[in-house]
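Architecture at a glance
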Amino acid sequence: MTIMQWTDELELGMEEIDGQHRWLIDQTNALQQELARDQTRREVVSALLEGLIDYTHDHFIAEEVLFEQHGYPAIAAHKAQHSLFTSRVTKLLLRFEEGEEVDSEVLQLLQNWLANHIGKTDRAYVDYFREQGLL
């Protein structure tokens, strides 16, 4: 069972960015599968969360470089969303490492973020790039 499926609605038409988004969805599904085990391996969950944070950070940098290069007007708001997400996931990881159960909270955050951020917020910059003749 997976928590998220890659769908056409998530496809932005930018190969590199779409590949990064697919990876994030795959890792979210791997996290969900680990958390669904009878005996969740805390070290695996911790590694998956740390990997998601690291990869997301790199992904956000890649997006923000594109914004800077192409004069995306909503860069400040988009960067603020990136910072908020990174902060929220990092806090969940710290709580998890302190022994707290954050299973449903982290999965809900990841699922909502990926669906809404990719499907709406990221789609806005793709639309802007298309309007500017960049795609």
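This report concerns the structure included in the present document. (Residues numbered from 1 in each chain as written. Predicted model: local features only at pLDDT ≥ 70, side-chain atom pairs only at ≥ 80, totals over all residues. Heavy atoms only, no water.)

**Describing helix α3 (residues 75–97)**
- Over its 23 residues, α3 extends 33 Å from the first C-alpha to the last, a length consistent with the 33 Å expected when each residue adds 1.5 Å.
- Within α3, the full set of buried residues consists of Ile75, His78, His82, Phe85, Val89, Leu92, Leu93 and Phe96.
- Looking at the packing, one finds that the buried side of α3 touches α2 (42–70) and α4 (103–131).
- Within two residues after α3, glycine 99 carries a phi angle of roughly 100°, on the positive side. (Helix = DSSP H or I, 4+ residues; strand = E, 2+ residues; numbered from the N terminus. Expected span 1.5 Å × (residues − 1). Buried < 20%, exposed > 50% of the residue type's maximum accessible area, 1.4 Å probe, protein only. Contact = heavy atoms within 4.5 Å.)

**Here we look at the nonpolar core**
- Counting residues in hydrophobic clusters, the biggest one holds 37 residues, and the most contacted among them are Leu31, Val106, Tyr125 and Phe129.
- Going through the elements one at a time, α1 (15–35), α2, α3 and α4 are the ones with two or more residues in this core.
- For this core, the leading source of residues is α4, giving 11 residues.
- Setting aside residues up to four positions removed in sequence, tyrosine 125 forms contacts with Leu12, Met14, Ile17, Glu63, Phe67, Tyr72 and His78. (Core = buried A, V, L, I, M, F, W, Y, C linked by side-chain atoms within 4.5 Å.)

**Examining the packing of α2 against α4**
- For the pair α2 and α4, interaxial distance at closest approach is 13 Å and the crossing angle is 15°. Considered as vectors, α2 and α4 are oriented roughly parallel to each other. The handedness of the crossing between α2 and α4 is left-handed. Note on element contacts: α4 touches α2 through Val106, Leu110, Trp113, His117, Asp122, Tyr125, Tyr128 and Phe129, opposite Leu49, Leu52, Phe60, Glu63, Leu66, Phe67 and His70. (Axes fitted to C-alpha atoms, helices over the stretch in contact; angles between N-to-C directions. Parallel < 35°, antiparallel > 145°, perpendicular 65-115°, else oblique. Left-handed = near helix turned anticlockwise from the far one by under 90°.)

**Remarks on the packing of aromatic side chains**
- Applying the stated criterion across every chain yields a total of 11 aromatic pairs.
- Three or more aromatic residues link up through ring pairs in this structure, and these residues are Phe67, Tyr72, Tyr125, Tyr128 and Phe129. (Phe/Tyr/Trp six-rings, centres within 6.5 Å; stacked < 30°, edge-to-face > 60°.)

**Some remarks on the pattern of salt bridges**
- Following the criterion strictly, the structure yields seven salt bridges and no others.
- Across the pair arginine 37 and glutamate 34 runs a salt bridge, and its minimum N-O distance is 3.5 Å.
- With a relative accessible area of 38%, arginine 37 lands in the partly exposed category.
- Taking the shortest distance from any N to any O, the salt bridge between glutamate 100 and arginine 95 comes out at 2.8 Å.
- A residue is classified by how much of its surface remains accessible, and arginine 95, at 25% relative accessible area, is partly exposed.
- Among the charged side chains, a network of salt bridges with common partners joins Glu34, Arg37 and Arg41. (Salt bridge = Lys/Arg side-chain N within 4 Å of Asp/Glu carboxyl O.)

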